[in-house]
Amino acid sequence: MLLGREFVAYLSRHLVQRMTPQVIESADPVSAADFIAQVIEEELAVEDRLNEEVRELLSQYRRREGVSYQEMFRRIKNTLISQRKVIRASGRDTGDHMKLSRDKINDISHKMVAAIRKARQFRLKKDPNEARLEIVKNMTELLAIEERVDRAARTKIRSQKKEIPEGTEEWDLLHRRYYAEELKKLGIDLSR
């Protein structure tokens, strides 16, 4: 998943916190945050399942004339995305600097408002489109912070004396450590 579960939980808690009581009303903010986290996770899992399906299709793949595995993966994924009308989650694939594309944030906001309107633990206090725009604004702000934290952690890893390839266990450990340090500098605790 593009965003860690801890960050999704943090994001949903802060969405509820920032939007209560002006935009939404909820008797139980904890269950409301869990509900919103579930909507976000389900939406992000769509592309994860698509990637897994592409990997499965390519498991029988044998190197063909001049086409690499990565190129075939990209072609098949693009074909499935257009056939199924899936909105790309990754902003980097579409030129956005954040992990989630603007289109995906908008898509999630539409699905979140629809889910909130159906849920019994919520009550919208504003027009659905105003609530959706508020969700987009808040998500974008929080994701911009996350992007700066991630970029700072990656910069710290690149500044090591030896080169540490991304995807290795050492890289992952350092990234988690530096990521947590950068969050702490901003006063963000993902566990709360």
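Refer to the preceding data block for the structure.
Keep in mind that what you see is a predicted model, and the values were worked out from it rather than measured.

K.L.:
So what about the environment of glutamate 163? Which residues, and what values?
P.N.:
For glutamate 163, the location among the structural elements is in the loop between helix H6 (128–158) and helix H7 (169–185). Sequence separation between glutamate 163 and leucine 124 is 39 residues; the distance between their C-alpha atoms is 51 Å.

K.L.:
Any chance you could break down helix H1 (residues 5–19) for me, citing the residues and the numbers?
P.N.:
The end-to-end C-alpha distance of H1, which contains 15 residues, comes to 21 Å, matching closely the 21 Å that a straight helix rising 1.5 Å per residue would cover. When we look at burial in H1, the residues that qualify are Phe7, Val8, Tyr10, Leu11, Ser12, Leu15, Val16 and Met19. On its buried side, H1 packs onto strand E1 (24–26), helix H2 (29–58), helix H5 (102–118), H6 and H7.

K.L.:
Describe the side chain of serine 12, and please don't skip the residues or the numbers.
P.N.:
Along the chain, serine 12 falls in helix H1. Only 3.1 Å separates the side chain of serine 12 from the backbone oxygen of alanine 33, close enough to count as a polar contact. Leave out the neighbours within four places in its chain, and serine 12 touches Ala33, Ile36 and Ala37.

K.L.:
So, the pattern of salt bridges: which residues are in play, and what are the values?
P.N.:
For the structure on display, the rule yields 22 salt bridges. Of the charged contacts in the structure, one is a salt bridge between glutamate 166 and arginine 154, with a shortest N-O distance of 3.1 Å. One end of the pair, glutamate 166, is in the loop between H6 and H7; the other, arginine 154, is in helix H6, with 12 residues separating them in the sequence. Residue classification places glutamate 166 among the exposed residues on the basis of a relative accessible area of 53%. Connected through shared salt-bridge partners, Lys156, Arg177, Glu181, Glu182 and Lys185 make up one network.

K.L.:
Just give me the short version of unusual backbone geometry, but keep the residues and values in it.
P.N.:
The peptide bond linking threonine 20 to proline 21 adopts the cis configuration, its omega dihedral lying at 0 degrees. Position of proline 21 among the secondary structure elements: in the loop between H1 and E1. Residues other than glycine seldom take positive phi values, yet lysine 85 does so here, at roughly 55 degrees. With respect to the helices and strands, the residue lysine 85 is situated in the loop between helix H3 (69–84) and helix H4 (91–94). Residue classification places lysine 85 among the exposed positions, given a relative accessible area of 72%.

K.L.:
I'd like a description of the environment of lysine 125, backed by residues and values.
P.N.:
Topologically, lysine 125 is positioned in the loop between strand E2 (122–124) and H6. You can call lysine 125 partly exposed: its relative accessible area is 40%. For lysine 125 and valine 23, which are 102 residues apart along the polypeptide, the C-alpha to C-alpha distance reads 5.1 Å. Contact partners of lysine 125, with chain neighbours within four places excluded, come to Pro21, Gln22, Val23, Ile24 and Glu25. Here proline 21 takes part through its backbone oxygen, which lies 3.1 Å from a polar atom of the side chain of lysine 125.

What counts and what doesn't
Residues numbered from 1 in each chain as written. Predicted model: local features only at pLDDT ≥ 70, side-chain atom pairs only at ≥ 80, totals over all residues. Heavy atoms only, no water. Helix = DSSP H or I, 4+ residues; strand = E, 2+ residues; numbered from the N terminus. Expected span 1.5 Å × (residues − 1). Buried < 20%, exposed > 50% of the residue type's maximum accessible area, 1.4 Å probe, protein only. Contact = heavy atoms within 4.5 Å. Polar contact = N/O pair within 3.5 Å; in protein donor to acceptor, adjacent residues only side chain to side chain. Salt bridge = Lys/Arg side-chain N within 4 Å of Asp/Glu carboxyl O.

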